[in-house]
Amino acid sequence: MTDLLKTSLNRRTVLQAATVGATGVSPALRALVHAQGSDAPEKKEVKIGFIPLTDCASVVMASVMGFDKKHGVTIIPTKEASWAGVRDKLVNGELDFAHVLYGLVYGVHLGLAGPKKDMAVLMTLNHNGQAITLSKKLADKGAVNGAGLARLMAAEKREYTFAQTFPTGTHAMWLYYWLAANGIDPMKDAKVITVPPPQMVANMRVGNMDGFCVGEPWNHRAIMDGIGFTATTTQDIWKDHPEKVLGTTSEFVQKYPNTARAVTAAILEASRWIDESLANKTRMAETIAGKAYVNTGVDAINQRILGRYQDGLGKTWDDPNHMKFYNDGAVNFPYLSDGMWFLTQHKRWGLLKAHPDYLGVAKSINRMDVYRQAATATKTPLPKSDMRSHKLVDGVVWDGKDPARYADGFKLKA
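Examining the pattern of salt bridges
- Overall, the coordinates contain 18 salt bridges when judged by the stated rule.
- With a closest N to O distance of 2.7 Å, Asp225 and Arg205 form a salt bridge. Here Arg205 lies in helix α10 (residues 200-205) and Asp225 lies in the loop between α11 (218-224) and β9 (228-233), a separation of 20 residues in the sequence.
- When its relative accessible area of 48% is taken as the criterion, Arg205 is described as partly exposed.
- Asp386 is the partner of Arg372 in a salt bridge, and the nearest nitrogen-oxygen pair spans 2.8 Å. Remark: Asp386 occurs in the loop between α18 (368-378) and β13 (390-391) and Arg372 occurs in helix α18; sequence separation between them is 14 residues.
- Taking the relative accessible area as the measure of exposure, Arg372 reaches 33% and is therefore partly exposed.
- Judged by its relative accessible area of 25%, Asp386 falls in the partly exposed class.
- Salt bridges sharing common partners tie together Asp55, Glu243 and Lys244.

Encoded structure:
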């Protein structure tokens, strides 16, 4: 009888353990399975690349605060010089993961702007918190917003140069969308160049560009240095837009699924910690301002993460839609519609010559299975749908339902 009971219990434990990857399980069972090693991270130390930007904070704080150790891994944050460098090191395996532009991951997966490799998005790292900065010289001529810029460019003909950070990346798409919403064709009416984020301010200072789109703290830094002003924030282009993601290769997730889950869980916990309090945000700003990370003054970071904005021309405001890292879990889910939106813009601007299988590509890249496991482990709320709907600055609604029609529906396109 005892042997029979043992056999029955063992079989039940095995069957329950087999479902660990797919569903939430009791803490007691999870502890048992973990002790047996089946869900322990296969790789104990991981390198995560990041660019010096405020939105690298959850990756850095996961390491600094020890959230990584709690989940059985050690995160080594690795400072990189450019998004192209991040792309190359992800593709060749020098980096295990990266704090990376959403559109860059999709571009690599499709072979746009560089090598082609199957990629994975594990979670969204932040919403909002980027901006478009224009030169003070433009403001002196009345170009203090999009409409003013369009008027100036029509009246005073010359080559206008704007910078983004990577051809398929988020900043390129925000810049193009905003210019087009104001009647400026980014492909015909302007020259667009690629500049790494930390080099934006220096390049504007020497007159290499009229404006740029980049993440913080470099927009606020341009104001502090007296060379630029904020023409618009990206949350005014699209409230709660997706921004950076935790990216890796599909091959890495396949080879190290437990590691992928553990790292996602650790960064989810760091994200929640940052958004929990003013004190935590202040500590985060002090940490990431250091030379090893963003390498700037704390005062360049700590205002806009709290929603305290100034435009550099005398206007100040409190923005409720400032950069968020968690927002009760609303930030982090890798929505299929978010990824698909970047594909529509790649098609709009000629980076994609034909319509891709929008939903199919998003399903293959956005690893909702890994995210759901990490969310369950960290008690992060999950949304009811894999899609979400938004109205952008030009009044056009994006809901992911008919991406080809959406991409083709813009008046200004390549």
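Examining the packing of helix α6 (residues 102-110) against helix α17 (residues 358-365)
- Running from N to C, α6 and α17 point in directions that differ by 105°, and their axes come no closer than 11 Å. Regarding the angle of α6 to α17, the classification is roughly perpendicular. Only Val361, Ala362, Ser364 and Ile365 of α17 make contact with α6, whose side of the interface consists of Val105, Tyr106, His109 and Leu110.
- Each residue belonging to the contact of α6 with α17 can be placed in one class, and the counts come to six nonpolar, two polar and no charged.

Brief notes about helix α16 (residues 336-348)
- When the terminal C-alpha atoms of α16 are compared, their 19 Å separation across 13 residues agrees well with the 18 Å that a helix rising 1.5 Å per residue should span.
- When you tally the buried positions in α16, you get 13 out of 13 residues, the bulk of the element.
- The first or second residue beyond α16 is Gly350, which carries a positive phi of 85°.

The rules behind these values
Residues numbered from 1 in each chain as written. Predicted model: local features only at pLDDT ≥ 70, side-chain atom pairs only at ≥ 80, totals over all residues. Heavy atoms only, no water. Salt bridge = Lys/Arg side-chain N within 4 Å of Asp/Glu carboxyl O. Helix = DSSP H or I, 4+ residues; strand = E, 2+ residues; numbered from the N terminus. Buried < 20%, exposed > 50% of the residue type's maximum accessible area, 1.4 Å probe, protein only. Axes fitted to C-alpha atoms, helices over the stretch in contact; angles between N-to-C directions. Parallel < 35°, antiparallel > 145°, perpendicular 65-115°, else oblique. Contact = heavy atoms within 4.5 Å. Nonpolar A, V, L, I, M, F, W, Y, C, P; charged D, E, K, R; others polar. Expected span 1.5 Å × (residues − 1).

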